[in-house]
Amino acid sequence: MKRWGRPVALAGAMAWGALLHGAVVAAPALTPCRLDGIEHEARCGTLERPLDPAAPQGARITLHYAVLPALARNKQPDPVFFLAGGPGQSAIEMAGPVAGMLSRFLNRRDVVLIDQRGTGRSAPLLCDDDADQAPLARQFEPDAQRRRLAECRRLLQALPHGDLRQYTTAVAAGDVEAVRRALGVARINLVGVSYGTRLALEVLRQSPRRVRRVVLDGVAPPDMVLPVAFASDQQRAVEAVFSGCEQDADCNRRHPDLRKRWATLRNSLPRDWPVAHPATGVVERQRVTPEVLDAVLRGPLYLPALAAALPQAMDQATRGRLEPLAGLAHAAGGRRGVGVAMGLHFSVVCAEDAPRLPPAAPREDPLVRRYRDACADWPRGSVPPAFYQVGPSAAPVLLLSGGLDPATPPRHGDRMAAALGAKARHVVVPQAGHGVAMLPCMRDVLYRFIDTPDEAAALAAVRADAGCAVQLPRPRPYQPPAPPAEPRR
């Protein structure tokens, strides 16, 4: 879980109209299929969509989606549409975890997984991303990253579906509406996670009468300016690690002055450092910069269970050993389980977030600078000005935030809840990280919120139902086991 306007001219306005009203080729019948992590047979379908909504007779792409069918014959008419994060994750590849999270829905509601255009099986925009065993320099050095991304862009643009301007959130929302029409359902329920919350908000804006309920887990608003928010929100999460250790007597005793020592380490960079690769064990000389340290911290911060080991790993780094930090980062990456289509990632961020970056500053955050450099040459799609405006929702909306989330912390959910109005409820789980809906008791909260027929009753039950998660304790800081005692002679 290791994520992320210009005025529209006449042509852009025409494209917007085509997006909403353009013809859709009828979907073929759903066919039986097997998905990883799913015990029962699913139903898979495809839908032909114009690559450019303003040119419906031009190049086309094939949109892939899957339906996890309800078990009951007398099922509810409004399915749950799951929207994956990233931007760049495949919803179909996440079928197993999603089925677990939404298992109660599958008794009486279909669950629909759409591979957003540019991801999974839907005209994927895949780069030669960091393999687990790739050299560390290839993964972290800025010059190597820039060269790889430029080569990726060149290869993607040579594809039949390589017009990178056609992969914005607004266009993807039109694809979601097309799948709804193809399935012949009048209304849908939306569950979006991380970047998927941005897509869900855009579906709600474009098709408000077609949305019955909305769940936003880890809120990434359309006006978030991902690189800037990501940099500042991660720093807040790091400060929470220091504070948590300082407030724990045992952690503070074992890692005294950790905050100060970490700052001293950062101020000593850059420098070359021998590091054993966490996957291969091969010792490599890595140019370590503050940006490299931030990148290594990012993954473990998403998961409180891994973040609990950060004081120990950071302490070791200040003593010259980076392997514990690298190992935590590797573990976090392995637990995500689903890759990110980086071509789609940059197509979204460069179109929607990069134009709203503040002017470059001499001491700009390295993450912001990385995105600014990447987006300088990346083709940018048109974004309607209304995309950034979130107004009151006619459908009830449940927003979920983890208090320790380094990517989408509660401040974003607070702001969106206020904008969405009287039918929005925001639940903050103080000791959770990125992703709250996967917590066991939150599955029942989601189910009751969507399944309760009466809107007022569904909204009223949210806070009482979520009490189990809100009281979740924070994992204690990790303490390595004591070495075995020397045998007596």
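As the structure is a prediction and not an experimental result, all values here were calculated from the model.

A. Geometry of helix 5 (residues 169-183). The end-to-end C-alpha separation of helix 5 is 21 Å, in line with the 21 Å expected for 15 residues at 1.5 Å each. For helix 5, a buried count of 12 out of 15 residues is recorded, marking the element as mostly surrounded by other parts of the structure. Looking only at helix 5, the buried set comprises Thr169, Ala170, Val171, Ala172, Ala173, Gly174, Asp175, Val176, Glu177, Ala178, Val179 and Arg180.

B. Examining the state of the cysteines more closely. The tally for this structure, following the rule as stated, stands at five disulfides. Across a sulfur-sulfur distance of 2.0 Å, Cys33 and Cys44 are joined as a disulfide pair. Between Cys33 and Cys44 the disulfide shows an S-S torsion of about 80°. By sign, it is right-handed. Taken together, the positions of Cys33 in strand 1 (residues 31-33) and Cys44 in strand 2 (residues 42-50) put the pair 11 residues apart, joining distant regions of the chain. Comparing Cys33 with Cys44, the two get one shared label, buried. Paired by a disulfide, Cys350 and Cys375 hold their sulfur atoms 2.0 Å apart. Disulfide Cys350 to Cys375: torsion about the S-S bond roughly -80°, handedness left-handed.

C. View of the pattern of salt bridges. Taken as a whole, this structure holds 32 salt bridges when the rule is applied. Notably, a salt bridge pairs Arg43 with Glu41, separated by 3.1 Å at the nearest N-O pair. A relative accessible area of 35% places Glu41 in the partly exposed class. Where Arg259 meets Glu246, a salt bridge forms, and the shortest distance between an N and an O atom there is 2.9 Å. Of this pair, Arg259 sits in helix 9 (residues 258-267) while Glu246 sits in helix 7 (residues 226-246), and the two are 13 residues apart along the sequence. Salt bridges linked by common partners bring Asp78, Arg109, Arg212 and Asp451 together as one network.

D. Geometry of the nonpolar core. Within the largest apolar cluster, 64 residues are counted, with the highest numbers of intra-cluster contacts made by Trp262, Leu310, Met314 and Leu325. Setting aside residues no more than four positions away along its own chain, Trp262 makes contact with Phe242, Leu293, Leu297, Met314, Ala317, Thr318 and Leu325. Counting 43 residues, the second largest nonpolar core, distinct from the first, contains Leu35, Ile38, Ala99 and Leu106.

E. Seen up close, unusual backbone geometry. The peptide bond linking Gly86 to Pro87 adopts the cis configuration, its omega dihedral lying at -5°. With respect to the helices and strands, the residue Pro87 is situated in the loop between strand 4 (80-83) and helix 2 (95-101). Leu269 connects to Pro270 through a cis peptide bond whose omega is 10°. Mapped onto the secondary structure, Pro270 falls in the loop between helix 9 and strand 8 (271-276). The backbone of Ser194 sits at a positive phi, close to 55°, despite the residue not being glycine. The buried category is assigned to Ser194, whose relative accessible area is 7%. Located in the positive-phi region is Val225, a residue other than glycine, with phi close to 55°. You can see Val225 is positioned in the loop between strand 7 (211-217) and helix 7.

F. View of empty space enclosed by the protein. If you add up the space inside the largest cavity, you get close to 80 Å³. Leu83, Ala84, Ile114, Gln116 and Leu199 are, among the 13 residues lining the largest cavity, the residues nearest its centre. It is helix 5 that contributes the most residues to the lining of the largest cavity, three residues altogether. When its residues are assigned to classes, the lining of the largest cavity shows eight nonpolar, three polar and two charged.

G. Broad picture of the packing of helix 9 against helix 10 (residues 290-302). Close contact between helix 9 and helix 10 brings their axes to 9 Å; oriented N to C, the two are set at 130°. Judged on the interaxial angle alone, helix 10 and helix 9 are oblique. Residues Trp262, Leu265 and Arg266 of helix 9 form the contact with helix 10, whose own contacting residues are Pro290, Leu293, Asp294 and Leu297. When grouped by side-chain class, the residues that make up the contact of helix 9 with helix 10 number five nonpolar, no polar and two charged.

About the cut-offs
Residues numbered from 1 in each chain as written. Predicted model: local features only at pLDDT ≥ 70, side-chain atom pairs only at ≥ 80, totals over all residues. Heavy atoms only, no water. Helix = DSSP H or I, 4+ residues; strand = E, 2+ residues; numbered from the N terminus. Expected span 1.5 Å × (residues − 1). Buried < 20%, exposed > 50% of the residue type's maximum accessible area, 1.4 Å probe, protein only. Disulfide = S-S within 2.5 Å. Salt bridge = Lys/Arg side-chain N within 4 Å of Asp/Glu carboxyl O. Core = buried A, V, L, I, M, F, W, Y, C linked by side-chain atoms within 4.5 Å. Contact = heavy atoms within 4.5 Å. 1 Å grid on protein atoms, 1.4 Å probe; cavity = no way out; pocket = protein on both sides within 12 Å on 5 of 7 lines; lining within 4 Å. Points joined across faces, edges and corners; volume = space filled by probe spheres on them. Nonpolar A, V, L, I, M, F, W, Y, C, P; charged D, E, K, R; others polar. Axes fitted to C-alpha atoms, helices over the stretch in contact; angles between N-to-C directions. Parallel < 35°, antiparallel > 145°, perpendicular 65-115°, else oblique.

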